[in-house]
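Structure at a glance
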Amino acid sequence: MIGDNPASDIEGGIRIGKHNLEETGVNNWKTILLRSGVWKEGEDTKGAHYICDNMRAAYELILKEHGLDKK
C-alpha cells in the first residue's frame, strides 16, 4: 500500500496485512508512506514499513525489494 496519509492509507494497509495473516497465515503487505502529500516529517507514521520522498522513489524501492531493479 502506498499513500501519503498515515491515518487512512498506512493504517488500512496494515489492517489488510493483519487480516491476510489471520486468514492465510501470510502477511505479504508492506506500506510505503510518501513525503509528497498529507504527512509531514516528525508526525506519526502509523507504523509504515518504508518512507519515500515521492512515487518514483516508491516505485524504485518496490523494484529493488523484488530484485527487479537494473543494477
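Refer to the structure printed above.
Worth saying up front: this structure is predicted, and the values here are computed from it rather than measured. (Residues numbered from 1 in each chain as written. Predicted model: local features only at pLDDT ≥ 70, side-chain atom pairs only at ≥ 80, totals over all residues. Heavy atoms only, no water.)

1. A few points about the sheet that holds strand E3 (residues 50-52)
A sheet is described by the order of its strands in space; here 3 strands give the open sequence E1-E2-E3, paired in parallel fashion. Taken across any chain shown, the strands that pair with only one partner, and hence form the sheet edges, are strand E1 (2-3) and E3. Examined bridge by bridge, E1 and strand E2 (residues 32-34) share 2 bridges and lie parallel to one another. Of the residues in E2, the one forming a bridge with Gly 3 is Leu 33. (Pairing = 2+ DSSP bridges. Helix = DSSP H or I, 4+ residues; strand = E, 2+ residues; numbered from the N terminus.)

2. Some thoughts on the pattern of salt bridges
Where side chains of opposite charge bring their charged atoms close, a pairing between them can arise. In total, this model carries 5 salt bridges according to the counting rule given. We note a salt bridge from Asp 53 to Arg 35, for which the minimum N-O separation is 2.8 Å. Here the residue Asp 53 occupies a position in the loop between E3 and helix H2 (55-65), and Arg 35 occupies one in the loop between E2 and E3, the gap between them amounting to 18 residues. Overall, Arg 35 belongs to the partly exposed group, its relative accessible area being 34%. It is possible to trace a salt-bridge network through shared partners that takes in Glu 11, Asp 44 and Lys 46. (Salt bridge = Lys/Arg side-chain N within 4 Å of Asp/Glu carboxyl O. Buried < 20%, exposed > 50% of the residue type's maximum accessible area, 1.4 Å probe, protein only.)

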